[in-house]
Amino acid sequence: MAVYVFTNGLAKHFIIMIYKALLIIFLSAVLLPACNANHKADSSDNNQLALAKSLSPQSEFLSKPHLSHVSLKPTENAKGVSTRSSNSAATNYLMGKFDPKKAKLFVKIPQKYADRKGLYLRQEALSAFIRMSNDAKRDGIRLTIRSATRNFYHQKRIWERKWLGKRKLSDGTNVARDIVKPVDKSLKVLQYSSMPGTSRHHWGTDIDLNSFNNHWFETGKGLRLFNWLEANAAKYGFCRPYTANRPYGYLEEKWHWSYMPLAKPMIREAQRYLRDDLITGFKGSSTAQQIGVVKHYILGVSKQCK
Ligand SMILES: [Zn+2]
């Protein structure tokens, strides 16, 4: 009889049905609660993420690849910086409050490309510069980096020496002695130097080449070099932010070139997150809001660099 039942086709089908039913009961009892637990964990993570985003407006910004790889360690306390977002890593980077020697993705420039040791750039900007420099050399043009990354603290030293009259400006002005109103002092120094926190040099994307004198680029060797850059630099990703005849911002600098693939996202983020009241922590910083440094100086660059 048993042999008959097990060899009967209908009975086999019946037994398989029972197995399937038992399997479904087992899965419902044991595995589904575990799935629910995982699902709960996922939603809890999502809630935390949403909370983090709502608490920190820069969290989306920091997740972007051009910033997330930069290790941001402010080297000094930003005294006087007390606004809500002033401590975020994003605004610290945008304002140069970090040490490029310790920041990931910043690399030392080999001395053969510069006029001295110890200059730093973002890795991609340096690689692009080396390609450009090698091709320029083949055309008889020798490009030399005179300045690269200068952080907030470096720029603060330059600015304060001029603002306090410890160093005269190139036109002989002693700002502390010759100018009375703080806003006029700042506007005068801005003709020669960036206000701390408003320079592009701390992004690690910008370089000064060969000479700090516009006239040098207007004749002979300097003119040949300038014409070569105007014709070729864009092929390697470089643009010139401080051209002549802009409505406002830093004066023309024929030596200053910027690596667009990294600098363009930076200027968009600066537009989004920087405000004049964040530009603080140095002598004369109270004038930043009167001048509108974010709009007029940080964003006041040539069209090709925007
Ligand atoms: Zn420069």
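Residues numbered from 1 in each chain as written. Predicted model: local features only at pLDDT ≥ 70, side-chain atom pairs only at ≥ 80, totals over all residues.

Observations concerning the overall build of the chain
- Helix and strand counts for the chain stand at 13 helices and six strands.
- Counting the 306 residues in the chain, one finds 33% classified as buried.
- In the chain, 69% of the contacts between residues at least 6 apart in sequence involve partners at least 24 apart. (Helix = DSSP H or I, 4+ residues; strand = E, 2+ residues; numbered from the N terminus. Buried ≥ 20, exposed ≤ 12 C-beta atoms within 10 Å, placed from the backbone. Contact = placed C-beta atoms within 7 Å.)

Comments concerning the pairing of strand β4 (residues 206-209)
- The sheet contact formed by strand β3 (residues 145-147) and β4 spans two bridges and is antiparallel. Each bridged residue has a counterpart across the sheet, and for Ile 145 the counterpart in β4 is Leu 209.
- Bridge count between β4 and strand β6 (residues 256-259): three bridges; the pairing is antiparallel. Opposite Asp 206, over in β6, you have Ser 258 as the bridge partner. (Pairing = 2+ DSSP bridges.)

Quick word on unusual backbone geometry
- The phi dihedral of Leu 105 is positive, around 75 degrees, even though this residue is not glycine.
- As for its placement among the helices and strands, Leu 105 is situated in the loop between α5 (89-94) and β1 (106-108).
- The residue Asn 245 is not glycine, and still its phi comes out positive at about 60 degrees.
- Mapped onto the secondary structure, Asn 245 falls in the loop between β5 (238-239) and β6.
- Of the residues examined, Asn 245 has 6 C-beta atoms within 10 Å and is grouped as exposed.

Observations concerning the confidence of the model for the chain
- Scored by pLDDT, the chain has a mean of 80; 72% of the residues are at 70 or more.
- In this model residues 1-7 is a low-confidence stretch, pLDDT under 50, and it forms two contacts with partners more than four residues away in sequence or in other chains. (pLDDT = per-residue confidence, 0-100.)

A look at the pairing of β6
- Of the two faces of β6, the one lined by His 256 and Ser 258 and the one lined by Trp 257 and Tyr 259 are each fully buried.
- Examined bridge by bridge, β5 and β6 share two bridges and lie antiparallel to one another. Bridge pairing in β6 links Phe 238 to Tyr 259.

Section: the sheet that holds β5
- Across the sheet, four strands lie side by side as β3-β4-β6-β5; this open sheet has antiparallel pairing. This sheet does not close on itself; its edge strands, each paired only once, are β3 and β5.

Notes on helix α10 (residues 220-232)
- Taking 1.5 Å per residue as the helical rise, α10 with its 13 residues ought to reach 18 Å, and the 18 Å between its terminal C-alpha atoms agrees with that figure.
- Regarding α10, the residues found buried are Leu 225, Phe 226 and Leu 229. Down the axis of α10, the smallest arc covering the buried residues is 100 degrees, so these residues share one side. Seen from the buried face of α10, the exposed residues on the opposite side, beyond 90 degrees, are Gly 220, Asn 227, Glu 230 and Ala 231.
- Buried-residue contacts for α10 involve β6. (Expected span 1.5 Å × (residues − 1). Arc of directions from axis to C-beta.)

A word on the environment of Gly 292
- Structurally, Gly 292 can be placed in the loop between α12 (288-291) and α13 (293-298).
- C-beta crowding within 10 Å serves as the criterion here: with 14 such atoms nearby, Gly 292 is assigned to the partly exposed category.
- Sequence-wise, Gly 292 and Asp 277 are 15 residues apart; in three dimensions their C-alpha atoms are separated by 9.5 Å.

A short note on the environment of Phe 106
- With respect to the helices and strands, Phe 106 occurs in strand β1.
- On the neighbour-count criterion, Phe 106 (21 C-beta atoms within 10 Å) is buried.
- When the C-alpha positions of Phe 106 and Leu 121 are compared, they lie 5.3 Å apart, and in sequence the two are 15 residues distant.
- When neighbours within four sequence positions are excluded, Phe 106 is seen to be in contact with Pro 100, Tyr 120, Leu 121, Arg 122, Thr 149 and Gly 204.

With respect to helix α6 (residues 123-138)
- The first and last C-alpha atoms of α6 sit 23 Å apart over 16 residues, in line with the 22 Å expected at 1.5 Å per residue.
- Of the positions making up α6, those classed as buried are Ala 125, Leu 126, Ala 128, Phe 129 and Met 132. Along α6, the residues classed as buried sweep out an arc of 160 degrees about the axis, all on the same side. Seen from the buried face of α6, the exposed residues on the opposite side, beyond 90 degrees, are Asn 134, Lys 137 and Arg 138.
- Elements that come into contact with the buried residues of α6 comprise β1, β2 (120-122), β4, β5, β6 and α11 (260-273).
- Two residues or fewer past α6, Gly 140 is found with a positive phi of approximately 80 degrees.

Quick look at the environment of Leu 278
- Residue position: Leu 278 is located in the loop between α11 and α12.
- In the structure, Leu 278 is positioned 16 residues away from Val 294 in sequence and 9.7 Å away in space, judged by C-alpha atoms.

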